[in-house]
Amino acid sequence: MYKIAVLGDYDSIYGFATLGLDTFPVSTREEAAEKLARLASGGYGIIYITEALAAELKHEIGKYQEQITPAIIQIPGIAGNTGAGIAGVKKSVEVAVGSDILFSQE
Amino acid sequence: MASKQITPTRMELTKTKRKLVTARRGHKLLKDKRDELMRQFLELVKENMALRQKVEAGILSANKNFVIAKAGMDEATLNTALMTPKQEVGLEVGEKNVMSVNIPVFETKTRTADANDIYSYGFAFTSSDLDGAVKSLADILPDMLKLAETEKACQLMAAEIEKTRRRVNALEHVTIPEAQATIKYITMKLDENERSSQIRLMKVKDMMLEEAHHYSERD
């Protein structure tokens, strides 16, 4: 049985605790990187991470890209939407097709 | 393009011909795989995009609700209210095979029977804004899970498509032309050898006849 984690700054994620997701508030990059590695090997199937934090942990997240679990999914934090999540989808189109033919006009 | 050292023998020719047949078949199969993967990927990625936009909008409005809720009550009360979650979500991870790419299938199980049982506090000390905020977040949770599933699947399929495309191109532009060039080189070399031995035999025959009958001395 896997669990679901939410990683980010406290203000962005405290609401998810009520839904039964495990929240892990972190403030520094090092703390987040260490936490992410621990969660990934600790039975978490999905890790939601705020876009702001994901931008700092690009390298660490890339390691899990080719594995089935954990799925690391970016969500907008309290500071607003940075567009990183949408960019991620566009990037996977680019990898597959060679150029972004679906969403480039938007 | 016979850049490698090839020995022009019949055995090498047969081997290369067999290799060409295999390469052609592999190329066709991989091309079919790529096309089908691409079709499925494009469908999935459109769904992924729609889900993501929905989830991002949902989280944004939920965050707004939480800010309002937080403004209406003091921090200690809020923290106490959210301290002990009632609900717990477990995750069952299955795998689905799509064109030899394993993509995850997530299935959630909530601890209490009623998935809407999310309010971990009595209603006496909290504002009604908090109820709304929690509810709005709970409403997008199913979409968030769906998003996780499709987004992961998209990433995995994109990587597989890239690999397959490379293989198809390598076969099409390197392996197959190389084999064809080798076959041409060997056939021509063998033909040349045959002609040369034929001529040699004719020459020898002429010389032997010359020896026996002295044609040139007669005319």
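Note that this is a predicted model, so its numbers are computed, not measured. (Residues numbered from 1 in each chain as written. Chains lettered and ligands numbered in written order. Predicted model: local features only at pLDDT ≥ 70, side-chain atom pairs only at ≥ 80, totals over all residues.)

1. Comments concerning the overall build of chain B
Secondary structure summary: chain B contains four helices and two strands in total. Secondary structure of chain B in N-to-C order comes out as α-α-β-β-α-α. The C-alpha atoms of chain B give a radius of gyration of 37 Å, which is well past the 17 Å a tight globule of 219 residues would have. Principal-axis analysis of the C-alpha atoms places the extent of chain B at approximately 135 × 30 × 25 Å. Counted over contacts in chain B with a minimum sequence separation of 6, partners at least 24 positions apart contribute 83%. (Helix = DSSP H or I, 4+ residues; strand = E, 2+ residues; numbered from the N terminus. Rg over C-alpha atoms; globule rule 2.2 N^0.38 Å. Contact = placed C-beta atoms within 7 Å.)

2. Focus: the interface of chain B and chain A
Note: interface size is frequently given as the accessible area lost on complex formation between the parts. Each partner contributes to the interface: chain B provides 46 residues, whereas chain A provides 33 residues. Those elements that provide at least two residues to the side of chain B that touches chain A are α1 (10-71), β1 (89-98), β2 (101-110) and α3 (128-213) of chain B. It is α3 of chain B that contributes the most residues to the side of chain B that touches chain A, 16 residues altogether. Residues that form the side of chain B that touches chain A fall into these classes: 28 nonpolar, eight polar and 10 charged. (Nonpolar A, V, L, I, M, F, W, Y, C, P; charged D, E, K, R; others polar.)

3. Topic: the pairing of strand β3 (residues 44-50) of chain A
All names here are of chain A. With seven of its seven residues buried, β3 lies for the most part within the structure. Of the strand pairs in this sheet, strand β1 (residues 2-8) and β3 are connected by five bridges, and their pairing is parallel. Looking across to β3, one finds that Val 6 is bridged to Tyr 48. Examined bridge by bridge, β3 and strand β4 (residues 71-75) share five bridges and lie parallel to one another. Its bridge partner lying in β4, Ile 46 is registered against Ala 71. (Buried ≥ 20, exposed ≤ 12 C-beta atoms within 10 Å, placed from the backbone. Pairing = 2+ DSSP bridges.)

4. Observations concerning the packing of α1 of chain B against α3 of chain B
The packing of two helices is summarised by the inter-axis angle and the distance between the axes. Residue and element names in this part refer to chain B. Orientation of α1 relative to α3, taken along the N-to-C sense of each, is 160°, at an axis distance of 4 Å. When the interaxial angle is binned, α1 and α3 end up roughly antiparallel. Between α1 and α3 lies a crossing of left-handed hand. The residue makeup of the contact of α1 with α3, split by class, is 33 nonpolar, 15 polar and 18 charged. (Axes fitted to C-alpha atoms, helices over the stretch in contact; angles between N-to-C directions. Parallel < 35°, antiparallel > 145°, perpendicular 65-115°, else oblique. Left-handed = near helix turned anticlockwise from the far one by under 90°.)

5. Topic: the environment of Ser 27 of chain A
For Ser 27 of chain A, the position within the fold is in the loop between β2 (22-25) and α2 (29-41). C-alpha of Ser 27 of chain A to C-alpha of Glu 66 of chain A: the two residues are 39 residues apart in sequence and 27 Å apart in space.

6. So, the packing of helix α5 (residues 84-97) of chain A against α3 of chain B
The interhelical angle for the contact between α5 of chain A and α3 of chain B, taken along N-to-C directions, is 20°, at an axis separation of 7 Å. Looking at the two axes, α5 of chain A sits roughly parallel to α3 of chain B. The handedness of the crossing between α5 of chain A and α3 of chain B comes out as left-handed. Between α5 of chain A and α3 of chain B, the contacting residues are Val 89, Ser 92, Val 95 and Ala 96 of chain A on the first element and Cys 154, Gln 155, Met 157, Ala 158, Ala 159, Ile 161 and Glu 162 of chain B on the second. Among the residues forming the contact of α5 of chain A with α3 of chain B, the class breakdown is eight nonpolar, two polar and one charged.

7. A few points about the confidence of the model for chain B
The share of residues in chain B with pLDDT of 70 or more is 93%, and the mean pLDDT across the chain is 86. For this predicted complex, the interface score ipTM comes out at 0.87, alongside a pTM of 0.82. (pLDDT = per-residue confidence, 0-100.)

8. Here's the deal with unusual backbone geometry
Residue and element names in this part refer to chain B. Positive phi, normally seen in glycine, also occurs at Met 99, with a value near 50°. Along the chain, Met 99 turns up in the loop between β1 and β2. We classify Met 99 as partly exposed; it has 18 C-beta atoms within 10 Å. Positioned with a positive phi, Ser 100 is a non-glycine residue whose angle comes to about 65°.

9. Regarding the pairing of β1 of chain A
Among the seven residues in β1 of chain A, five count as buried, and that is most of the element. Pairing analysis gives two bridges linking β1 of chain A to β1 of chain B, with the strands arranged antiparallel. In the sheet register, Tyr 2 of chain A faces β1 of chain B, and the bridge partner there is Leu 91 of chain B. Strand direction decides the pairing type here: β1 of chain A and β2 of chain A, joined by four bridges, are parallel. In the strand pairing of β2 of chain A, Ala 5 of chain A is matched with Asp 22 of chain A.

10. Digging into the nonpolar core
Side chains that are nonpolar tend, in soluble globular proteins, to be buried together. Among the nonpolar cores identified, the biggest contains 46 residues, and Ala 5, Leu 7, Ile 46 and Ile 47 of chain A are the most heavily contacted of them. Examining the composition of this core, we find that 11 residues originate from one element, α3 of chain B, more than from any other. Discounting residues that sit within four places of it in the chain, Ile 47 of chain A has contacts with Ala 5, Leu 7, Leu 39, Ala 40, Pro 70 and Ile 72 of chain A. Listed in part, the 16 residues of the second largest apolar core include Ala 96 of chain A together with Phe 41, Ala 153 and Met 157 of chain B. (Core = buried A, V, L, I, M, F, W, Y, C linked by C-beta atoms within 7 Å.)

11. Structural notes on α2 of chain A
Residues and elements named next belong to chain A. Helix length check: α2 (13 residues) gives 19 Å between terminal C-alpha atoms against 18 Å at 1.5 Å per residue, within 8%. All of the buried residues along α2 are Ala 32, Lys 35, Leu 36 and Leu 39. Angular distribution of buried residues about the axis of α2 spans 105°; they occupy a single face of the element. For α2, exposure combined with an orientation more than 90 degrees from the buried face picks out Glu 30, Arg 38 and Ser 41. Contact partners of the buried residues in α2: β1, β2, β3, α3 (51-56) and α4 (58-62). Looking one or two residues beyond α2, the residue adopting positive phi is Gly 43, at roughly 80°. (Expected span 1.5 Å × (residues − 1). Arc of directions from axis to C-beta.)

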